[in-house]
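Chain residues, written in single-letter form:
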Amino acid sequence: MYKKTYLTRYLVEKQRINGHIPPELRLLLEVVARACKRISQAVNKGPLGEVMGSADSENVQGEIQKKLDIIANEVLIEANEWGGHLAAMASEEMEGIHVVPNRYPQGEYLLLFDPLDGSSNIDVNVSIGTIFSVLVKPEGANVSEQDFLQAGVKQAAAGYCVYGPQTTLVLTVGDGVAVFTLDREQGSFVLTQEDLKIPEDTKEFAVNMSNQRHWDAPVTRYINECIAGSDGARGKDFNMRWVGSMVADVHRILTRGGIFLYPWDKREPEKPGKLRLTYEANPMSWLVEQAGGVATDGKHRIMDIQPAQLHERVSVFMGSKNEVDRVSSYYAEATSQA
Ligand code: AHG
Ligand code: MN
Ligand code: MN
């Protein structure tokens with residue numbers, strides 16, 4: 001019989017055996033997982049739960065919010081504000097930070113999240129997810145937005161939950177990547193893979209090809225070589241996959257290898273990219289690195305970037321080591337020739 005390790009036991013043992021998860025962080029991760037279960041239920045209900053469609057509102061990024069963006073944001077806030085483990089939260093769906101109200105005790109952690117990633121896929125029954133990152137609140141009296149502006153290397157935990165054919169929680173606290181599958185009958189996450197590793201080489205790339213004409217030279221060169229396949233410089237054929245939910249695209253890459261690209265493009269040159277650094281790129285980068293992959297903006301390791309703003313954007317190249325290194329080498333060559 002399949003011997004089940006539940007998330008609770010996994011975290012308790014991490015706390016007890018490794019000693020590097022403090023009890024408050026264990027509680028925090030359990031609460032986030034519980035919130036993800038509630039979001040998963042809402043996602044599964046679809047039209048039966050009145051969760052489809054737009055909410056007729058815009059977030060701080062100027063994007064139309066879907067009902068599920070707002071529901072997922074509320075679920076995460078409600079679940080996390082009373083436990084005493086957090087000082088404040090930040091979300092894609094909120095302009096400023098949400099400080100834990102005075103009536104609850106304040107903890108030492110900060111939680112950042114993209115409550116619902118892949119919003120354009122909600123209404124078409126395609127995989128979507130939740131991405132989260134945990135930081136330690138710097139010393140000092142009152143928590144402020146400034147406290148959230150920490151480089152990704154400072155993360156205490158990171159993960160995502162993908163709502164697909166299965167609901168899967170993927171987690172790191174800095175000693176590898178663990179995968180949990182939701183057992184819907186039991187209502188519990190069960191450990192289904194430990195120490196996940198991304199193959200170093202791949203023949204699969206994920207990019208929004210409709211943006212091709214706006215890319216810069218290194219990205220154009222890289223993708224053109226992939227498309228040329230066995231007739232070109234690479235001497236092998238590539239395949240393309242693009243879900244349009246970062247969480248699902250990166251989950252596939254963590255599982256069987258690949259490279260995910262969301263590069264800067266010429267349409268809005270002052271914007272470094274589309275994806276957000278603190279609650280999308282950083283947690284995904286840490287998971288990818290913990291799985292032996294690489295995550296850069298073409299020139300720098302993403303997790304070394306010092307954020308200047310909560311909703312800052314960044315160019316993203318992540319996944320199989322040898323492919324991401326190749327893109328970075330094309331940027332280095334382009335810079336040295338300039
Ligand atoms: P979100 O739904 O949280 O705004 O994120 C969507 C992101 C990401 O998940 C995906 O890779 C990308 O946007 C797709 O955007 P385009 O369809 O514009 O390429
Ligand atoms: Mn997103
Ligand atoms: Mn989102």
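Structure first, text after, so check above.
Rules used in this analysis
Residues numbered from 1 in each chain as written. Chains lettered and ligands numbered in written order. Predicted model: local features only at pLDDT ≥ 70, side-chain atom pairs only at ≥ 80, totals over all residues. Heavy atoms only, no water. Donors = N, O, S within 2.8 Å, 3.2 Å for Na, K, Ca; no water. Buried < 20%, exposed > 50% of the residue type's maximum accessible area, 1.4 Å probe, protein only. 1 Å grid on protein atoms, 1.4 Å probe; cavity = no way out; pocket = protein on both sides within 12 Å on 5 of 7 lines; lining within 4 Å. Points joined across faces, edges and corners; volume = space filled by probe spheres on them. Helix = DSSP H or I, 4+ residues; strand = E, 2+ residues; numbered from the N terminus. Near = heavy atom within 4 Å. Polar contact = N/O pair within 3.5 Å; in protein donor to acceptor, adjacent residues only side chain to side chain. Nonpolar A, V, L, I, M, F, W, Y, C, P; charged D, E, K, R; others polar. Contact = heavy atoms within 4.5 Å. Expected span 1.5 Å × (residues − 1). Arc of directions from axis to C-beta. Pairing = 2+ DSSP bridges. Axes fitted to C-alpha atoms, helices over the stretch in contact; angles between N-to-C directions.

Caption draft 1: Just the coordination of the manganese ion (ligand 3), in detail. Those protein atoms acting as donors to the manganese ion (ligand 3) are Glu92 (OE), Asp114 (OD) and Leu116 (O), and they sit at 2.2 to 2.4 Å. Mapped onto the polypeptide sequence, the residues donating to the manganese ion (ligand 3) form the spacing pattern E-x21-D-x1-L. In this structure, the manganese ion (ligand 3) is positioned 3.8 Å from the manganese ion (ligand 2), and both are ligated by Asp114. For the pair shown, Asp114 and Leu116 are each scored as buried.

Caption draft 2: Seen up close, empty space enclosed by the protein. Across all of its chains, the model carries 1 cavity of 30 Å³ or more by this definition. Estimated volume of the largest cavity: approximately 30 Å³. Around the largest cavity, the lining residues are Leu112, Ser133, Leu135, Phe148, Gln150, Ala151, Gly152, Gln155, Thr278 and Asn282. Among the elements of the structure, strand E6 (128-136) and helix H6 (277-290) are those that each provide at least two residues to the lining of the largest cavity.

Caption draft 3: Just the site of ligand 1, in detail. Neighbouring ligand 1 are 18 residues, the closest being Asp117, Asn208, Met246, Tyr262 and Lys274. At 2.5 Å from an oxygen atom of ligand 1 is found a side-chain nitrogen or oxygen belonging to Tyr262. In the environment of ligand 1, an oxygen atom lies 2.8 Å from a nitrogen or oxygen atom belonging to the side chain of Lys274. When contributions to the shell around ligand 1 are tallied by element, the ones reaching two or more residues are strand E5 (109-117), strand E13 (259-262) and strand E14 (275-276). Residues of the shell around ligand 1, tallied by class, amount to 6 nonpolar, 5 polar and 7 charged.

Caption draft 4: Local environment of helix H5 (residues 246-256). In terms of burial, H5 is a largely internal element, 8 of the 11 residues being buried. Positioned one or two residues after H5, Gly257 has a phi angle of 90°, which is positive.

Caption draft 5: Structural detail: the side chain of His311. By secondary structure assignment, the location of His311 is in the loop between strand E15 (294-296) and strand E16 (313-314). Among the polar contacts listed, one links the side chain of His311 to the backbone oxygen of Glu95, at a separation of 3.1 Å. Not counting residues up to four positions away in its chain, the partners in contact with His311 are Val60, Gln61, Ser91, Glu92, Met94, Glu95, Arg276 and Tyr279.

Caption draft 6: Representation of helix H1 (residues 7-18) in the model. The end-to-end C-alpha distance of H1 is 16 Å, a good match for the 16 Å that 12 residues give at a rise of 1.5 Å each. Residues of H1 that are buried: Leu7, Tyr10, Leu11 and Lys14. Relative to the axis of H1, the buried residues are bounded by an arc of 95° and lie together on one face. Along H1, exposed side chains directed more than 90 degrees from the buried face belong to Arg16 and Ile17. In this structure, the buried residues of H1 make contact with helix H2 (23-45), strand E8 (167-172), strand E9 (178-183) and strand E10 (188-193). The positive-phi residue at the C-terminal boundary of H1 is Gly19, with phi of around 70°.

Caption draft 7: Spotlight on the sheet that holds E8. Strand order in the open sheet made by the 8 strands is E4-E3-E5-E6-E7-E8-E9-E10, with mixed pairing throughout. The open sheet terminates on both sides in strands that have one partner only, identified here as strand E4 (98-99) and E10. As judged from the 7 bridges shared by E6 and strand E7 (residues 157-163), these two strands associate in the antiparallel manner. Bridge pairing links Gly129 to Val162 in E7. Against the sheet, H5 touches E5, E6, E7 and E8, its axis set at about 105° to E7.

Caption draft 8: Here's a closer look at the coordination of the manganese ion (ligand 2). Listed as protein donors to the manganese ion (ligand 2) are Asp114 (OD), Asp117 (OD) and Glu280 (OE); their distances from the metal cover 1.8 to 2.1 Å. Mapped onto the sequence, the donors of the manganese ion (ligand 2) take the spacing D-x2-D-x162-E. The class for Asp117 is buried, based on a relative accessible area of 5%.

Caption draft 9: The layout of surface pockets, seen in detail. When its volume is computed, the largest pocket comes out at roughly 430 Å³. If you go around the largest pocket, you meet 26 residues; those closest to its centre are Gly118, Ser119, Ser120, Gly244 and Lys274. Of all the elements in the fold, those that place two or more residues in the lining of the largest pocket are strand E2 (64-66), E5, H5, E13 and E14. A breakdown of the residues in the lining of the largest pocket according to their chemical character gives 7 nonpolar, 8 polar and 11 charged. There is about 340 Å³ of room inside the second largest pocket. Lining the second largest pocket are 16 residues, with Val162, Gln166, His251, Arg252 and Thr255 positioned closest to its centre.

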